Amino acid sequence: MKICQVEKTLVSTNRIKEMGHRPLLVVKEKGGSRSIAVDAVGCVTGDWVICVGSSAAREAAGSKDFPSDLTIVGIIDHWSED
Amino acid sequence: MKICQVEKTLVSTNRIKEMGHRPLLVVKEKGGSRSIAVDAVGCVTGDWVICVGSSAAREAAGSKDFPSDLTIVGIIDHWSED
Amino acid sequence: MKICQVEKTLVSTNRIKEMGHRPLLVVKEKGGSRSIAVDAVGCVTGDWVICVGSSAAREAAGSKDFPSDLTIVGIIDHWSED
Amino acid sequence: MKICQVEKTLVSTNRIKEMGHRPLLVVKEKGGSRSIAVDAVGCVTGDWVICVGSSAAREAAGSKDFPSDLTIVGIIDHWSED
Amino acid sequence: MKICQVEKTLVSTNRIKEMGHRPLLVVKEKGGSRSIAVDAVGCVTGDWVICVGSSAAREAAGSKDFPSDLTIVGIIDHWSED
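A few points on the structure. (Residues numbered from 1 in each chain as written. Chains lettered and ligands numbered in written order. Predicted model: local features only at pLDDT ≥ 70, side-chain atom pairs only at ≥ 80, totals over all residues. Heavy atoms only, no water.)

Overview of the overall build of chain A
Part 1: Along chain A, the regular secondary structure elements total 1 helix and 6 strands.
Part 2: Counting helices and strands in the order they occur from the N terminus, chain A gives β-β-β-β-β-α-β.
Part 3: Its C-alpha atoms give chain A a radius of gyration of 12 Å, near enough to 12 Å, the size a compact globule of 82 residues would have.
Part 4: Taking all 82 residues of chain A together, the buried fraction comes to 55%.
Part 5: Taking contacts inside chain A between residues at least 6 apart in sequence as the whole, the part at least 24 apart equals 52%.
Part 6: When the accessible area of chain A is evaluated, it comes to approximately 3,400 Å², of which 49% is carbon and sulfur surface.
Part 7: Mean positive and mean negative side-chain charge positions of chain A (10 and 11 charges, respectively) differ by 6 Å. (Helix = DSSP H or I, 4+ residues; strand = E, 2+ residues; numbered from the N terminus. Rg over C-alpha atoms; globule rule 2.2 N^0.38 Å. Buried < 20%, exposed > 50% of the residue type's maximum accessible area, 1.4 Å probe, protein only. Contact = heavy atoms within 4.5 Å. Areas by Shrake-Rupley, 256 points an atom, 1.4 Å probe, with all protein chains shown as cover. Lys, Arg positive; Asp, Glu negative; His and termini not counted. Charge placed at Lys NZ, Arg CZ, Asp CG, Glu CD.)

The structure is reproduced here in structure tokens:
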């Protein structure tokens, strides 16, 4: 799983119906590029989170049919970037 | 999911029949290389879009058997590249 | 999907039986390293092609059990590298 | 599979229930960034381990429904970094 | 599929039982980092091989439940690094 920090929420009015209303967040891996993750735990900006990818991201987002390849599955209690 | 910008449509006359007639678009992640994505929402050139990869890209493209590893699942309302 | 150019065919006499006799091609993404792809459309050296990866590569190669993680699913009509 | 070294355990109190209580470890590939892996073998800090990704990480973590994309499946007996 | 060269065998006494006794090899992609692959063809050090990743690696290693994300599925007859 990737270690990412939450930057902000993302608004996408025009999206496929399978995405429903799950919140989408912009996250950033240290030294990496920005990605979009489905929030399954309830994060706020600045949180360091655990992002699961691959096929595991679908079920973690709520169901096997959910179109996600990156889902936030946990908030890290303490993280010091170094 | 990746944050990409739509560059143009792609024409591929000779393709496997499983791809059907779904539109194919050239997209570019900031600072990354160009990729080809299946358009499931109806984008135009210049749009910033949400691209889902991995196994989720198949069903998002219309069916579990669709041969896609990158599918556009939403248009981002506002995106400022920085 | 990746945009790759076909470089040459690859000969592998000693391979697992599940690969059968599907042609294997060496392809190269612009600025990337060489990969091997299963040819599902019939390409020749120099063609710019659409390569699908992830789990979609298996079925695109002919069956869900085919051991491919990169399959050529289309030839691009016109491509100008820039 | 990736060759990683275990750095430390990770505490995440707020996580989705599907993760249960499997231990999470921070691991680092040589020259790569830090990742989080589910420990399926019982490692300690400093161990060099085999990390499996992709869809294989789920079942290796205990069940097909486990939300993992990186699972430690073995400890390397001897590894000299070079 | 990746083009890799076999470097050596890997010993991991403490591994999950699902890995059984399939041989594990350290392989290296040109200019890339070392990875561990399950050997399904019978290679020796120095061989240039075809490594399949993603979900296809599992079945190529012998069964759908095998925890592999990289499996050697063929030996390349002739390969000149350039």
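Observations concerning the arrangement of the chains
Part 1: Separating chain A from chain C is a minimum C-alpha gap of 9 Å, and the two share no contact.
Part 2: At the C-alpha level, the nearest point of chain A lies 9 Å from chain E, with no contact between them.

Thoughts on the side chain of Asp47(C)
Residues and elements named next belong to chain C.
Part 1: Here Asp47 lies in the loop between β4 (34–39) and β5 (48–53).
Part 2: Arg22 provides the closest opposite charge to the buried, salt-bridge-free Asp47, at an N-O distance of 14 Å.
Part 3: Reaching out from Asp47, the side chain makes a polar contact with the backbone nitrogen of Val44 at a distance of 2.9 Å.
Part 4: When sequence neighbours within four positions are dropped, the list of residues in contact with Asp47 reads Cys4, Gln5, Val6 and Ile75. (Salt bridge = Lys/Arg side-chain N within 4 Å of Asp/Glu carboxyl O. Polar contact = N/O pair within 3.5 Å; in protein donor to acceptor, adjacent residues only side chain to side chain.)

Some remarks on the pairing of strand β5 (residues 48–53) of chain E
Residues and elements named next belong to chain E.
Part 1: The buried fraction of β5 is high, at 6 of 6 residues.
Part 2: Going residue by residue along β5, you find Trp48, Ile50 and Val52 tucked away on one face and Val49, Cys51 and Gly53 tucked away on the opposite face as well.
Part 3: Bridging between strand β1 (residues 2–9) and β5 involves 4 bridges; their strand directions are antiparallel. Opposite Lys2, over in β5, you have Cys51 as the bridge partner. (Pairing = 2+ DSSP bridges.)

Here we look at the relation of the copies chain E and chain D
Part 1: Superposing chain E onto chain D requires a rotation of 72 degrees together with a translation of 0.0 Å along the rotation axis, leaving an RMSD of 0.0 Å. What we have between these two chains is a five-fold relation.
Part 2: The share of interface residues of chain E whose copies in chain D are also at the interface is only 8%, consistent with the copies meeting through different surfaces. (Least-squares fit on C-alpha atoms with pLDDT ≥ 70 in both.)

Re the interface of chain E and chain D
Part 1: Each side of the interface is counted separately: chain E has 26 residues, and chain D has 22 residues.
Part 2: For the pair chain E and chain D, the two sides together bury roughly 1,900 Å², of which 56% comes from carbon and sulfur.
Part 3: Inspection of the chain E/chain D interface yields 0 salt bridges.
Part 4: Between chain E and chain D we count 9 residue pairs in polar contact (both at pLDDT 80 or more) in total. (Buried area = accessible area lost by both parts, 1.4 Å probe.)

Overview of the relation of the copies chain D and chain A
Part 1: For the pair chain D and chain A, the relating rotation is 72 degrees, the translation along its axis is 0.0 Å, and the fit reaches an RMSD of 0.0 Å.
Part 2: Comparing interface residues between copies, only 8% of those in chain D also sit at the interface in chain A, which points to a heterologous contact through distinct surfaces.

With respect to the interface of chain D and chain A
Part 1: Counting residues at the interface gives 26 residues for chain D, matched by 22 residues for chain A.
Part 2: The tally of links between chain D and chain A comes to 0 salt bridges.
Part 3: If you look at where chain D meets chain A, you find 9 residue pairs in polar contact (both at pLDDT 80 or more).
Part 4: Going through the elements one at a time, β2 (14–15), β3 (24–29) and β4 (34–39) of chain D are the ones with two or more residues in the side of chain D that touches chain A.
Part 5: For the side of chain D that touches chain A, the element with the most residues is β4(D), which contributes 5 residues.
Part 6: Across the side of chain D that touches chain A, the residue classes break down as 12 nonpolar, 8 polar and 6 charged.
Part 7: Strand direction decides the pairing type here: strand β6 (residues 70–75) of chain A and β2(D), joined by 2 bridges, are antiparallel. Residue pairing in the sheet places Gly74(A) in a bridge with Arg15(D) of β2(D). (Nonpolar A, V, L, I, M, F, W, Y, C, P; charged D, E, K, R; others polar.)

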